[in-house]
Amino acid sequence: MDPHSRHSQFNQRTPKTGPFSPSVRFEQTQKVTLDKYTKASSSSMPSDSPLFTSRPIATNSRVKQDEQFKKDMFLAYVNKALLEKLNGHSKDFDDLVDQFSPNKSTLAPTVPSMQLRIWLSALSHVLSRLERRHAPLVEAIVRLPWPAMDAAFVKSYVVFIGMLISAHPEYLSLVLNRIAMGFTYQSGLLAVSSNLEGSTPLTRRVVYDRQHALLEHIFNLVPTLPSSLAPLLVRNFPHKRQPQAAHVAYIRNLLRVTQYCGELSERVLGLIVDRALMVDVEIQVELEELEDAEPTDGELFEFDPFDTIVGQECDASDDEEDLDDDLSDISSDASSDGGAKDVLTDTKHIRDMVSKLDAILRLVFDHFNKLHSSIPTVLLHPSSSLYPSTTHDREPHTLLTTQFHTLLAIFDRSILRTFKSRYTQFLLFWYASLDPEFSDLFLGLLVDKALFASASANGVERVAASSYIGSFVSRAQFIDREGALRAIKVLCAFLEAHLDAVEAGNAASSDHSVFYAIVQAVFLIFCFRWRDLQEEPDEQEVGRKIWISELGVLQRVITSDLNPLKVCSQNVVHQFARIAQATDFAYCFSILEANKRTPYPVFAGVTAGSPGPEDLHTFFPFDPYKLPRSGEYIQGVYREWAAVAIGEDEDEEEDEDDLIEEGPAADDWEQGRDGLTIPITASKRGVSDDGGLDASFGGMSISPAQTRTRTVAMAISVS
């Protein structure tokens with residue numbers, strides 16, 4: 001055929017320019033929409049159709065091709081939606097955001113988790129294209145209730161968030177705030193699991209584990225995470241009026257964070273101690289006053305909040321109770337007819353606070369004990385292979401020491417400066433029992449604060465440190481004789497120097513608060529440790545007692561014009577007078593009788609702005625520990641008064657008024673333990689006794705009893 005003929009095959013090609021040939025037909029391009037991707041494609045015929053024919057089972061390669069085709073379709077739509085959003089067309093972008101937005105009524109996702117996984121996979125390929133105008137999409141993904149979804153989606157979500165933070169660090173605070181909120185006990189955020197089709201019930205333990213897995217993954221990617229996370233953990237800490245379960249859940253999660261993020265240990269422990277102090281200062285009644293009240297459900301049935309099924313809690317009742325408490329506090333001031341109701345409300349509030357504080361301290365004790373239990377009984381050289389490995393590749397004893405210094409810094413910053421706390425300071429008491437070095441460091445800090453602080457130092461802090469010295473040396477079983485002697489010698493040296501300054505006219509005549517606090521500390525230590533304050537019996541005569549020479553200054557202190565027997569706590573003074581006479585150390589009853597007719601010393605006051613003597617000398621930090629659950633840690637290291645009392649058990653019923661006013665007669669003595677002669681008590685004479693001196697030491701507290709069921713205490717913070 002002639003190649004130039006119009007019938008030639010070369011003339012059938014499409015012209016390169018100009019209009020298309022009418023003989024050439026093109027299929028119109030279909031518009032790409034989100035519905036096409038989200039609808040399940042089904043091209044097979046129904047089974048009852050006469051045209052239906054069985055098809056062979058798809059091979060793995062065919063399935064993979066279909067999955068890849070679907071991923072490509074989703075990726076194409078994501079690219080298109082992001083581009084159109086930048087061009088000012090937000091319809092497709094808004095539809096994409098709606099895919100991750102949960103249902104407003106059920107809080108559950110509106111699309112299946114498998115489809116959400118494909119969307120996350122598509123978005124992971126375009127993370128570098130996300131800009132500020134795409135922030136609503138990122139926020140919707142972060143707000144997704146992912147911890148309550150299936151395990152496959154959780155794994156994909158954790159990987160995606162890690163990629164997102166790596167590509168866009170500006171979203172780190174948004175993600176961390178959501179994680180911190182996930183550590184709380186808010187059932188509304190977790191109830192979505194019951195609304196997910198085909199989902200199995202999840203416990204809070206599983207949900208919290210997933211939150212920690214995400215946080216630990218981010219921490220491995222972003223080493224500077226602690227500085228951003230710390231303020232968010234503070235912001236989401238439960239209020240002191242929230243139920244006990246809320247505090248337990250959040251604190252357990254915080255302590256777990258410190259296991260893989262050691263940089264937050266000091267901040268987290270300080271936060272927990274500060275919040276425990278806020279609860280502690282509200283408990284200003286003796287627990288025996290609450291015994292007649294009905295116990296709460298939390299006391300009757302102990303449960304682990306981590307084992308509860310999400311979405312099936314009864315938090316609403318707790319919230320209503322807390323709200324009622326708030327309203328009752330407001331209405332009690334305006335109502336004059338609800339006295340009995342106010343008492344019941346206050347009693348319930350205090351019982352809740354006691355139970356809450358007990359649970360908080362038990363968690364911290366368990367956290368400390370877990371680390372201490374990992375240390376071998378016989379400590380070998382650090383190079384020994386018997387040392388167990390730790391997360392931070394350090395010896396457990398080193399971690400224990402580091403944690404003690406952290407706790408010591410928290411004590412100096414918060415606990416020491418909080419007046420009238422009852423139980424929180426026992427964290428340091430127990431920790432100091434783990435190693436003699438710890439107790440020495442603790443005493444060294446207290447002595448430095450009380451005795452060697454500058455003249456311009458805060459007086460309240462010095463007096464509080466003095467109270468801690470006396471109470472700690474008296475009550476700690478792990479303080480041996482040498483430790484007690486070192487403490488008493490330092491205190492007596494201070495008293496002697498102060499008296500010398502007063503007699504020489506070099507001391508301030510209007511501020512002796514530290515002096516009285518030190519005297520009271522010495523009195524208290526003498527009552528508990530008088531056996532350790534005697535010289536070693538070498539060739540002494542039988543029954544003769546020789547006291548250490550440093551105690552000689554007490555005779556001078558007692559008879560000085562400062563008159564500490566008038567100013568110090570009368571409970572301590574009366575007990576010291578009885579034991580001092582029974583041990584042939586000193587006779588104080590004549591001075592006590594004269595003090596009844598003596599006015600209060602004008603120079604016994606303290607400087608302006610400081611608590612009065614009635615407050616300074618009634619604070620005993622380590623009174624008997626009465627919290628039931630956390631008290632298990634204190635029992636083995638705490639010295640009870642019954643173990644050191646010089647008389648028989650009946651002496652605990654002694655009437656101190658008779659002892660002071662009448663004085664012991666010559667025939668009113670009996671032989672007691674340790675070869676000592678002690679006065680016959682009023683109970684043995686058949687006289688009734690309403691309050692005893694020994695009972696004040698062996699009972700709940702030697703602090704003055706409160707007259708009201710509830711007292712709002714003040715935390716005196718000093719800068």
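Remember, predicted model here, so these are calculated numbers, not experimental data. (Residues numbered from 1 in each chain as written. Predicted model: local features only at pLDDT ≥ 70, side-chain atom pairs only at ≥ 80, totals over all residues. Heavy atoms only, no water.)

This brings us to the pattern of salt bridges. Scanning the model with the defined rule gives 20 salt bridges in all. Across the salt bridge formed by Arg417 and Glu461, the nearest N and O atoms sit 3.9 Å from each other. Taken as a pair, Arg417 in the loop between α15 (396-415) and α16 (426-432) and Glu461 in helix α18 (residues 459-475) lie far apart in primary sequence, 44 residues in all. Beyond isolated ion pairs, a larger network of salt bridges with shared partners links Asp412, Arg417, Lys449 and Glu461. (Salt bridge = Lys/Arg side-chain N within 4 Å of Asp/Glu carboxyl O. Helix = DSSP H or I, 4+ residues; strand = E, 2+ residues; numbered from the N terminus.)

Among the eight residues that make up helix α5 (residues 135-142), six are buried, leaving the element largely enclosed by the rest of the structure. Here α5 has its buried residues at Ala135, Leu137, Val138, Ala140, Ile141 and Val142. (Buried < 20%, exposed > 50% of the residue type's maximum accessible area, 1.4 Å probe, protein only.)

The next thing to look at is unusual backbone geometry. Both trends apply: most residues other than glycine have a negative phi, and most peptide bonds are in trans. With a phi angle near 50°, Asn563 is a residue other than glycine that sits in the positive phi range. On the secondary structure map, Asn563 appears in the loop between α21 (553-558) and α22 (564-567). Of note, Asp584 is a non-glycine position whose phi angle comes to about 60°, a positive value. Note on placement: Asp584 falls in the loop between α23 (570-582) and α24 (589-595).

In summary, soluble globular proteins display a tendency toward joint burial of nonpolar side chains. Counting 182 residues, the largest nonpolar core has Phe100, Phe526, Leu551 and Phe576 as its most contacted members. Considering each element in turn, this core owes the most residues, 14 residues, to helix α20 (residues 513-529). The contacts of Leu551, once residues within four sequence positions are left out, are Ile488, Cys492, Phe526, Leu533 and Phe585. One finds Tyr208, Ala245, Ala246 and Ala249 within the second-largest nonpolar core, a separate group that totals six residues. (Core = buried A, V, L, I, M, F, W, Y, C linked by side-chain atoms within 4.5 Å. Contact = heavy atoms within 4.5 Å.)

The subject of this paragraph is the packing of helix α4 (residues 113-124) against helix α6 (residues 151-167). Where α4 meets α6, the closest approach of the two axes is 10 Å, and the angle between their N-to-C directions is 20°. Relative to α6, α4 is oriented roughly parallel. Our pair here, α4 against α6, has a crossing hand that is left-handed. Contact residues: α4 offers Ser113, Leu116, Arg117, Leu120, Leu123 and Ser124, while α6 offers Ala152, Phe153, Ser156, Tyr157, Phe160 and Met163. Looking at the contact of α4 with α6 residue by residue, the class counts come to eight nonpolar, three polar and one charged. (Axes fitted to C-alpha atoms, helices over the stretch in contact; angles between N-to-C directions. Parallel < 35°, antiparallel > 145°, perpendicular 65-115°, else oblique. Left-handed = near helix turned anticlockwise from the far one by under 90°. Nonpolar A, V, L, I, M, F, W, Y, C, P; charged D, E, K, R; others polar.)

Now for helix α3 (residues 91-100). Among the residues making up α3, those that are buried are Asp92, Phe93, Leu96, Val97, Gln99 and Phe100. Projected down its long axis, α3 shows its buried positions confined to an angular sector of 145°, all on one face. (Arc of directions from axis to C-beta.)

Moving on: the packing of aromatic side chains. Inspection of every chain in the model, using the stated rule, returns 38 aromatic pairs. Judged by centre distance (5.2 Å) and plane angle (80°), the rings of Phe411 and Phe442 are edge-to-face. Of the two residues, Phe411 is situated in helix α15 and Phe442 in helix α17 (residues 436-451); the sequence distance between them amounts to 31 residues. Per residue, the accessibility class of Phe411 equals that of Phe442, and both read buried. Three or more aromatic residues link up through ring pairs in this structure, and these residues are Phe411, Tyr423, Phe426, Phe429, Phe442, Tyr468, Phe472, Phe478, Phe619, Phe622, Tyr625 and Tyr638. Lying over the aromatic face of Tyr185, Arg204 brings its terminal NZ or CZ to 3.8 Å of the ring centre. (Phe/Tyr/Trp six-rings, centres within 6.5 Å; stacked < 30°, edge-to-face > 60°. Lys NZ or Arg CZ within 6 Å of the ring centre and 35° of its normal.)

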